[in-house]
Structure formats: structure tokens, C-alpha cells
Amino acid sequence: MNFLTSLEESAFGVWVSTSLVGYPLMITLHAIGMAVMVGISVALDMRLLGWFPGIPYTAINRFLAIAWIGFTINLLSGTALFCMQATMYVQDGTFLLKMTFVLLGAVTAAFLQGALNRNSASWGASAPGGIRVLAAASIVFWTAGMVTGRLIAYLV
Amino acid sequence: MDSVYDWMVQTPINGLVMGYPWTWPALETFHFLGLCLLIGAVLIMDLRLIGFQSTIPLRAVHALMPVAIVGFCVNLITGLGFLFGDPHLYVINYAFWVKMGLVFLAGINFLFFYFKVEPRLERLGPHDATPMIAKTVGALSLVFWFGVLAYGRLLPYLGTGGG
């Protein structure tokens, strides 16, 4: 049986699709994870761009850990939602675009986290130019991910 | 009540929403962006209040307040867009009123923080423990705002009997 169809017809896929609780629970978790990941990431990206100078660079990674919890919630709830209509989603351009932006956002966040760990002690008042470019790109990626995510329902 | 409803559906906002197919998705998109700004800033400030990362000066984290306010204002405006665009959809839905109640409670909690708690925090030294009242206000803020988020997401699935 086709792998995507087997996801849709699995006990879990059927539960998310048909139970009273499954779908509303998954989309609520997905909204919470999104708010946590995007909200914290954007605030911290703004810090790297120079806003809120009182927050030490060393503190940013601790909050990024919270953001990753949001990301994990969305990875799990997103997988659950995907299972409902796997065949449809893999052919949906808006969904694929969203996944691209989410992946770019996550990779950028991970890279920034590594740079903060290794080098931020030497940064002084403003972060290096390359870091600032990545922080700006991160804001663009997460915003685009959220916009395309919302538009999936409208651009079938 | 009918006259308020009649007035709302005759406003220009209603015309914008009903007249163009992209108004509603645009309102939703900005509502989501606003909530991310609000939740992100609130989460960082409230976690610090509760005691997470207490090496960060409270004043530094407090600088995020404008971000939260901008997020809230964006959602107030887009929220009015939804409400005036399709008032009947919301006023009959108990989940909408619960959500608004939670926003109101979050506002009261914030005012209490601003007028009663923050002056005390400003008198704290860098190594003083955060007072219990500040931790309580921070925790309540998180409960209220995540409640707003949850009820907002569930609006189509609660009071209207299914979406």
C-alpha cells in the first residue's frame, strides 16, 4: 500500500480526522507551538538586530531553548495533521512552500544558536554584520512560514 | 441588541470584509502575526518574572513591552475587523465571550502589575529574589494569554456546534 495512504488510514490518522477531540486538539497545539517558536525567535532576532540592548547575548540561548519546545510541539502536531490528508499535502504547493520556509527558519535559528554559544562574548555592543543579516532573514522566514501556513486553507 | 447588529453590518468595515474575498484571510494573517509578537514578548517577560534566567536584569526584559503592545494593537484592530465583518458569527458563540473575558482579565492583571508590582521591582537590588506577587502576576499572565490563544483557535469548533 502507498505509504501516504497508509498514514491516512492508520489508527492515528483516522483518529485525528474523525474524533471530536483529535483535530481541534492538534490545531490548538499547532497554534501554541507556532506562537512560542515564531514569537520568541522574532523577539530574539530583533535583539540581534540591536533592539533591547539590555538583554545579554548569553541569555538569548536560554530562551531559544523554550522556542525549540514550541518547534517540537509543532513538529508532532504538524505530523498528526499531515497524516489526515498526506496525499493531498505532498501535492499542495502552498504547503511545500511553508515547509521550505519552516526548514529555513529552523536551520537559521540553529546556526544563530551555535554562533551565540561560540562567539557572542566578543561581540560588544552590536553583533557582526553576517549575524545581523541572518537575524533579519530569520524574521522573513518565520513570517513567510506563518503566512503560507494560513493560506493553505485558501489556496487549494 | 438587533439595532447594534444592524448598525455593525452597515459600517464600511463590514463592506470591506463582505465585498472582497481576500479581506478575511488578510485579517487572519495579521491576527496571527500580532499574536506571535504578543505571545513572544509576553512569554519572555513572564518567564523572567517567574524566575527563569534571573541573571537577566528585569529592566532589560521590560524593554519588550512595546513589542507586546504593538502585537496587541494589531490584534485589536484585526479583531474588530472580524467582529464587524460577521458579527452574528461571534456574538452567539460562548467561546468568543470566554476569550474576551480572558483578554479583559489579562488586561486587569497587566494594570495591576504596572501600578502595584513594578514600582516594588524597581526598588530591588540585582541579587534580590523576585517577590511572590510578581511571580504570581507573571504566571497568571501566561495562563490568561495562552487561554486567549486556545479559545481563539477553537472558536469555530465550540459555540457554533462544529466547523
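Reading guide: rules and limits
The residue count restarts for each chain, going from 1 along the sequence in the order it is written. Labels follow written order: the first chain is A, the first ligand is 1, and so on. Where totals are concerned, whole chains, interfaces and linings use all residues; where local detail is concerned, this predicted model gives features only for residues with pLDDT of at least 70, and gives and counts side-chain atom pairs only at 80 or more. Neither water nor hydrogens contribute to the side-chain values; these are computed over all heavy atoms in the structure. Under the DSSP-based scheme used, a helix requires at least four consecutive residues in state H or I and a strand at least two consecutive residues in state E, with every element numbered from the N terminus. Any two residues having at least one pair of non-hydrogen atoms within 4.5 Å are treated as being in contact. In this description, accessible areas are obtained by the Shrake-Rupley approach with a 1.4 Å probe, and a residue is regarded as covered only by the protein chains that are shown. His residues and chain termini do not enter the charge count, which takes Lys and Arg as positive and Asp and Glu as negative. Lysine's charge is taken at NZ, arginine's at CZ, aspartate's at CG and glutamate's at CD. Points on a 1 Å grid, built from protein atoms alone, make a cavity when a 1.4 Å probe fits but cannot get out and make a pocket when they are open with protein on both sides within 12 Å along at least 5 of 7 lines; residues with an atom within 4 Å of a point are the lining residues. Grid points are joined across faces, edges and corners, and a volume is the space filled by probe spheres set on the points. Note that Gly is not counted as nonpolar here; it falls among the polar residues with everything else outside the nonpolar set of Ala, Val, Leu, Ile, Met, Phe, Trp, Tyr, Cys and Pro and the charged set of Asp, Glu, Lys and Arg. Summed over both partners, the accessible surface that disappears when two parts come together, traced with a 1.4 Å probe, is what is meant by buried area. A pairing counts as a salt bridge when a side-chain nitrogen of Lys or Arg comes within 4 Å of a carboxyl oxygen of Asp or Glu. For this analysis, a polar contact is any N or O atom pair within 3.5 Å, provided that within protein one partner can donate a hydrogen and the other can accept it, and provided that sequence-adjacent residues contribute only side-chain to side-chain pairs. Each residue's exposure class comes from its accessible area (1.4 Å probe, protein chains only) as a fraction of the maximum for that residue type: buried when under 20%, exposed when over 50%, partly exposed otherwise.

*Asks:* In this structure, what is going on with the overall build of chain A? I would like to understand it.
*Replies:* Within chain A one finds seven helices and zero strands. Helices (α) and strands (β) of chain A occur, in sequence order from the N terminus, as α-α-α-α-α-α-α. By principal-axis analysis of the C-alpha atoms, chain A measures approximately 55 × 25 × 25 Å. Contacts in chain A between residues far apart in sequence, at least 24 positions, make up 75% of those at least 6 positions apart. Here chain A displays about 7300 Å² of accessible surface, and carbon together with sulfur accounts for 72% of that area. If you average the places of the 6 positive and of the 4 negative side-chain charges in chain A, the two averages end up 24 Å apart.

*Asks:* What am I meant to see in the layout of surface pockets here?
*Replies:* Over the atoms, a rolled probe matching the size of one water molecule traces out where space is still vacant. All names here are of chain B. In this structure, the second largest pocket encloses a volume near 910 Å³. Looking at the second largest pocket, it is lined by 39 residues, and the ones nearest its centre are Leu 49, Leu 58, His 62, Met 65 and Phe 113. Ranked by the residues each element gives to the lining of the second largest pocket, the list is headed by helix 7 (residues 94-122), at nine residues. A breakdown of the residues in the lining of the second largest pocket according to their chemical character gives 23 nonpolar, ten polar and six charged.

*Asks:* Please clarify how the interface of chain B and chain A should be interpreted in this entry.
*Replies:* Many analyses report the size of an interface as the accessible area lost when the parts associate. Taken together, the contact pairs 30 residues of chain B with 31 residues of chain A. Across the chain B/chain A interface, buried area totals approximately 2700 Å², and carbon plus sulfur atoms make up 84% of it. Ranking the residues of chain B by area buried against chain A places Cys36(B), Ile44(B) and Arg153(B) at the top, with a combined share of 19%. If you look at where chain B meets chain A, you find one salt bridge. Across the salt bridge formed by Glu28(B) and Arg150(A), the nearest N and O atoms sit 2.7 Å from each other. Taken together, the connections running from chain B to chain A amount to three residue pairs in polar contact (both at pLDDT 80 or more). Contributing elements (two or more residues each) for the side of chain B that touches chain A: helix 3 (23-50), helix 4 (58-62) and helix 8 (132-154) of chain B. No other element matches helix 3 of chain B, which puts 14 residues into the side of chain B that touches chain A. Here the residues of the side of chain B that touches chain A are counted per class, giving 25 nonpolar, three polar and two charged.

*Asks:* Where do I start with unusual backbone geometry in this structure?
*Replies:* The general pattern is negative phi for most residues beyond glycine and trans for most peptide bonds. Positive phi, normally seen in glycine, also occurs at Phe52(A), with a value near 50°. Topologically, Phe52(A) is positioned in the loop between helix 3 (22-48) and helix 4 (57-84). On the basis of relative accessibility, which here comes to 7%, the residue Phe52(A) falls in the buried class. A positive phi angle, near 55°, is found at Gln53(B), a position not held by glycine. Mapping Gln53(B) onto the fold places it in the loop between helix 3 and helix 4.

Without other data, these values stay purely geometric and don't point to any function.
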